[in-house]
Structure formats: C-alpha cells, structure tokens
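Spelled out, the chains give:
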Amino acid sequence: MDVMMTLQAILLTADKPLSLEQLEGYFSPEEALSRAGIRVALQGLAAACAGQSFELKETASGFRLQTRVAFQPWVQRHEDSRPSKYSRAFLETLALIAWRQPITRGEIEEVRGVAVNANVIKTLLERDWVRVIGHKEVPGRPEMLGTTRHFLDYFNLKSLDDLPSLVEMKELDVDKLQLELMGS
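Cut-offs and rules
- Residues numbered from 1 in each chain as written.
- Predicted model: local features only at pLDDT ≥ 70, side-chain atom pairs only at ≥ 80, totals over all residues.
- Heavy atoms only, no water.
- Core = buried A, V, L, I, M, F, W, Y, C linked by side-chain atoms within 4.5 Å.
- Buried < 20%, exposed > 50% of the residue type's maximum accessible area, 1.4 Å probe, protein only.
- Helix = DSSP H or I, 4+ residues; strand = E, 2+ residues; numbered from the N terminus.
- Contact = heavy atoms within 4.5 Å.
- Phe/Tyr/Trp six-rings, centres within 6.5 Å; stacked < 30°, edge-to-face > 60°.
- Lys NZ or Arg CZ within 6 Å of the ring centre and 35° of its normal.
- Expected span 1.5 Å × (residues − 1).
- Pairing = 2+ DSSP bridges.
- Axes fitted to C-alpha atoms, helices over the stretch in contact; angles between N-to-C directions.

The protein goes by SMC-Scp complex subunit ScpB in an unreviewed UniProt entry, where it is assigned to Thiothrix lacustris.

Another aspect to go through is the nonpolar core. One finds F90, I97, I108, L124, W129, V130 and F151 to be the most contacted residues of the largest nonpolar core, which totals 22 residues. When residues of this core are traced back to their parent elements, those giving at least two are α5 (88-100), α7 (118-126) and α8 (149-154). Here this core gets 6 residues from one element, more than from any other, and that element is α5. Discounting residues that sit within four places of it in the chain, W129 has contacts with Y86, F90, L94, L124, G146, T147, T148, H150, F151, Y154 and F155. Core analysis: the second largest hydrophobic core is formed by 18 residues, L20, L23, F54 and L56 among them.

Now for the packing of aromatic side chains. Tallying each qualifying case throughout the model produces 7 aromatic pairs. Geometrically, the ring pair formed by Y154 and F155 is edge-to-face, given 5.0 Å between the ring centres and 75° between the ring planes. Its relative accessible area of 24% is what places F155 among the partly exposed residues. Every member of this aromatic cluster is reached through a ring pair, and the members are Y86, F90, W129, F151, Y154 and F155. Note that R127 overlies the ring of Y154, its terminal NZ or CZ placed 5.4 Å from the centroid.

The next thing to look at is α5. The first and last C-alpha atoms of α5 sit 18 Å apart over 13 residues, in line with the 18 Å expected at 1.5 Å per residue. Along α5, the positions that sit buried rather than exposed are F90, L91, T93, L94, L96, I97 and A98.

Before going further, it helps to examine the sheet that holds strand β3 (residues 103-104). Hydrogen bonds between backbone groups are what pair the strands of a sheet, and the pairing can be parallel or antiparallel. Judged by pairing direction, the sheet is antiparallel, and its 3 strands sit side by side in the order β3-β5-β4 without closing on themselves. The outermost strands of the open sheet, each flanked by one partner alone, are β3 and β4 (130-135). With 5 bridges joining them, β4 and strand β5 (residues 143-147) adopt antiparallel strand pairing. When the bridges of β5 are listed, G134 appears paired with M144. Those strands touched by α5 are β3, β4 and β5, and its axis lies near 90° from that of β5.

Structure, rendered in structure tokens:
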C-alpha cells in the first residue's frame, strides 16, 4: 500500500480538514502507521502537489486538498450559487472580532463609531465564523465574541497568529479583500 496515495484519496473525498489523529484512524493497527509516518507521507504528498492545480493545506482543524487560488476563476464557473458579497460593516466587524477577541458588541460599536447591525452578528454566527465565548462581568453581562475553528479553516489559517498584522490590514484594499473572499 502506498500511504501517500491513500492519504491523497482520503483527503480528496473528505468534506472538511482532517487532523493527524483522524487520518491515523483510517489505518488498521496491523498497518502500524504512526502519526510521524503520516506526517512524512503528508510532506511527500505536499511535494507531489507541486505543479498541480491543487495543494495540500494545513488549517486549524487539520489537512485538506484544495484548488490553488490561481485556478479559482475557472472552478467558480461550475458552481451554481453566486458567492456572497460582504459589506464594509460586515468585514470591519469580523476584523475587530478576529484581532481583539474576546470583544463585546458594545466594544465593536465603540471602535467603529456606529451601531452594529444585528444581521451582521447573526450572519457571522450562522456562518460559524464567530461564537459567543462567554459573558463580560459588567452590568448587563454582554456576550463576548470570538472566532471559531471554522473561521480559521475558511481563511486557511492554522492559528490566529497567522492573521496579518494591523499594519498590513491598514494597507489592505477592501475591494481586493472582497474579491478574495468571493473566491474562497
């Protein structure tokens, strides 16, 4: 059995990233494949993807095979649904939650200088990019918001440390970000 090819088949058919532990579960005890062996095979698979239209990507939840960004315009043509467009308020709210978590809705409004539309928070919760991670110990006990693993996976991040710096974000063109989000 070629472990690298087996991992490729598993990852090609998975509907979400798979951790090393999950990948290890695909092999029987008789095959005696350790996590270290799986990691070596994954490194080989990543190298084998060079020059291909897809790549092996590690996210917060594990590993997945995905189409390279350069091929997204063609891949999107066979999708039935139109990608979502996100408003500036949506993107600013998401950015504040990502960089300043845990953060309350009131704190977001204080930074942005305007009220946060309830639909923005609702959409972030529905997409599973944001979750309530607790309540602040102040009168009214407002919800504290933070990002989820799904957020990290969607944006191809292993951890929040992979987020661009605030300096990089200030230089970011929001219209360019919108196009990138539509392609994800």
